[in-house]
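These are the residues of each chain, in order.
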Amino acid sequence: MMSWLTRLFGSLFKRQKEIKLGLYGPVNSGKTTLANRICMDWLGEELGTVSSIPHETREIQMKEKVTIKNKGKSLTFNLVDTPGIATKIDFEDFVKAGMNKVESKKRAKEATKGVIESIKWLDNMDMVLVVLDSTADPINQVNITILGNLDARKIPLLIVGNKTDLKSANLDRVKSAFPSYSTIGVSAKSGKNVDGLYKELFNALK
Amino acid sequence: MNVKFKLLAYEKFKKDGFDALINDLRDSKIVMIDAKLTPEQEAYIIEQTMKQVSEKFAGIELASLSVLNEAEMGGFDKLKNALFETIIGKKRGFTIIGPAKVVHKIKKNPEELMVFM
């Protein structure tokens, strides 16, 4: 009797599971620019700061209850922007980018923690946008490891070939590198085809 | 510069564990394992090496290659291969991992790896 009551009240008051949509990818692929674009479009405020110096995002950032709309229907998710995943972090690279030695070492330390956090958070995701820089060679171990880990966890994903506003962008190269996944090209910076991304999200999560 | 290479049987890697591998990498050795590591193993190695990053150790370069192109295999061949790999206890292929201060880049195409030092 008690277990029946527990089940009844459990189902009556069960909270709707909140969908976590993660942005994953290598360093400087434009994850935070895309997160900001989504947040500006639907909430009117940005999520994080962007920079040309690698590892600007060094902590997980989440914007709760982002609601997107399409054809009279709405879809709500928590948007999770993650630090870029890298296999190496050398403080000297930050020095070369113009930072002083103390700041560079601090940034490197924080960046390593960011990579660890990103990997740990993989298990929490319901869907992931794998954001790749479409001007860069897509066949690298970081991209392969991210995709392999999402597959192993059976987490649905969509590859977003970002920076398609740039002349050197090559979306076909991204598509041919990973033919078994759906890929969409966008420019998070200019907003090009971000509407197409929203439609894809709707189809995937609804 | 003296470059140290270590060729490691997958069985030995499994027996010695990740700590031994990371000690080798911190000791500036390039390690080659006679199996393709799983994505989870790769992620774990990245995670553990990130914890070791310092002025002297900047992380790793890592790449793995399968000896088979699964994308071009039919369903029956995939099943046969999966069964065989279950029996031998490893994925056929190889993995190369080097300290980033020694290995600057590993360029990968679907069939080969080029290591730049």
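In the block above lies the structure referred to throughout.
Note that the coordinates shown come from a computational prediction; the quantities given were computed from them, not determined experimentally. (Residues numbered from 1 in each chain as written. Chains lettered and ligands numbered in written order. Predicted model: local features only at pLDDT ≥ 70, side-chain atom pairs only at ≥ 80, totals over all residues. Heavy atoms only, no water.)

S.K.: Could you clarify how one ought to interpret the interface of chain B and chain A in this entry?
M.R.: Much of the literature gives interface size as the accessible area that the parts lose upon coming together. The partner chain A presents 23 residues to the 23 residues of chain B that form the contact. Taking both sides of the interface into account, the surface hidden between chain B and chain A amounts to around 2,000 Å²; carbon and sulfur atoms contribute 57%. Scanning the region where chain B abuts chain A turns up five salt bridges. The salt bridge involving A:K88 is made with B:E61; its shortest N-O contact spans 2.9 Å. Along the contact surface separating chain B from chain A lie twelve residue pairs in polar contact (both at pLDDT 80 or more). Of all the secondary structure elements, the ones that give two or more residues to the side of chain B that touches chain A are α2 (39-50), β3 (60-66) and β5 (105-109) of chain B. The element contributing the most residues to the side of chain B that touches chain A is α2(B), with seven residues. For the side of chain B that touches chain A, the residue count by class is eleven nonpolar, three polar and nine charged. (Contact = heavy atoms within 4.5 Å. Buried area = accessible area lost by both parts, 1.4 Å probe. Salt bridge = Lys/Arg side-chain N within 4 Å of Asp/Glu carboxyl O. Polar contact = N/O pair within 3.5 Å; in protein donor to acceptor, adjacent residues only side chain to side chain. Helix = DSSP H or I, 4+ residues; strand = E, 2+ residues; numbered from the N terminus. Nonpolar A, V, L, I, M, F, W, Y, C, P; charged D, E, K, R; others polar.)

S.K.: Explanation requested: unusual backbone geometry in the structure shown.
M.R.: Positive phi outside glycine occurs at A:K71, with the angle close to 50°. Mapped onto the fold, A:K71 is located in the loop between β2 (61-70) and β3 (73-81). On the accessibility criterion, A:K71 (79% relative accessible area) is exposed. Its identity is not glycine, yet B:S28 carries a phi of approximately 60°, on the positive side. Of note, B:S28 is situated in the loop between α1 (10-26) and β2 (29-33). (Buried < 20%, exposed > 50% of the residue type's maximum accessible area, 1.4 Å probe, protein only.)

S.K.: When you look at the side chain of A:D81 in this model, what are you seeing that I'm missing?
M.R.: Residues and elements named next belong to chain A. Relative to the elements of secondary structure, D81 occurs in strand β3. The side chain of D81 is buried and forms no salt bridge, while K31, the nearest opposite charge, is found at 6.1 Å. Within the local environment of D81, its side chain forms a polar contact with the side chain of T32, the two groups lying 2.6 Å apart. Excluding residues within four positions of it along the chain, D81 makes contact with L23, K31, T32, A35, L47, T57, E59, I60 and Q61. (Lys, Arg positive; Asp, Glu negative; His and termini not counted.)

S.K.: Explain the pairing of strand β4 (residues 127-133) of chain A to me, please; I cannot follow it from the model alone.
M.R.: All names here are of chain A. Counting buried positions along β4 yields seven of seven residues, so the element is predominantly enclosed. Side-chain alternation along β4 places M127, L129, V131 and D133 on one buried face and V128, V130 and L132 on a second face that is also buried. Relative to β4, strand β1 (residues 20-24) runs parallel, the two sharing four bridges. Bridging from a neighbouring strand, G22 pairs with V128 of β4. Examined bridge by bridge, β4 and strand β5 (residues 157-162) share six bridges and lie parallel to one another. In the strand pairing of β5, L129 is matched with L158. Assessed by its sense of winding, the connection that carries the chain from β4 through helix α5 (residues 141-152) to β5 is right-handed. (Pairing = 2+ DSSP bridges. Right-handed = clockwise from strand over helix to strand, strands pointing away.)

Honestly, it's all geometry; don't read function into it.
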